[in-house]
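Observations on the model geometry
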Amino acid sequence: MNKTSHNERRKLTATFVNTIGAAVFSVGGLGPIVSFATGLPTILNLDQVILLAAVCFVIGLGLHLGGRMLLGGLIE
């Protein structure tokens, strides 16, 4: 595989991982917060919403950092 195709595959994979991280944070973290804040019916209490948001933030951040690490393998 040549250098250009290797780099493009790395960038595509990093973008995919970063997008999954953003989705985890948005759906799992922000969704319940917005639902709770607007008074929509939810099965979670405030403590559970905060815990869920924190866990999803950490997972999303980990996926984002993983995507950045993938970019470290680009060939000059």
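Please refer to the structure higher up on the page.
All figures in this text were calculated on a predicted structure; none of them were measured in a lab.

What follows concerns helix H2 (residues 46–71). Given a rise of 1.5 Å per residue, 26 residues ought to cover 38 Å, and the 38 Å separating the end C-alpha atoms of H2 matches this to within 8%. Packing partners of the buried residues in H2 comprise helix H1 (3–38). Two or three places before Asp47, at the opening of H2, Asn45 has a side-chain oxygen 3.2 Å from that residue's backbone nitrogen.

The next point concerns the packing of aromatic side chains. Enumeration over the complete set of coordinates arrives at 1 aromatic pair. Geometrically, the ring pair formed by Phe25 and Phe57 is edge-to-face, given 5.7 Å between the ring centres and 70° between the ring planes. Of this pair, Phe25 sits in helix H1 while Phe57 sits in helix H2, and the two are 32 residues apart along the sequence. The class for Phe25 is partly exposed, based on a relative accessible area of 29%. Judged by its relative accessible area of 44%, Phe57 falls in the partly exposed class.

Reading guide: rules and limits
Residues numbered from 1 in each chain as written. Predicted model: local features only at pLDDT ≥ 70, side-chain atom pairs only at ≥ 80, totals over all residues. Heavy atoms only, no water. Helix = DSSP H or I, 4+ residues; strand = E, 2+ residues; numbered from the N terminus. Expected span 1.5 Å × (residues − 1). Contact = heavy atoms within 4.5 Å. Polar contact = N/O pair within 3.5 Å; in protein donor to acceptor, adjacent residues only side chain to side chain. Phe/Tyr/Trp six-rings, centres within 6.5 Å; stacked < 30°, edge-to-face > 60°. Buried < 20%, exposed > 50% of the residue type's maximum accessible area, 1.4 Å probe, protein only.

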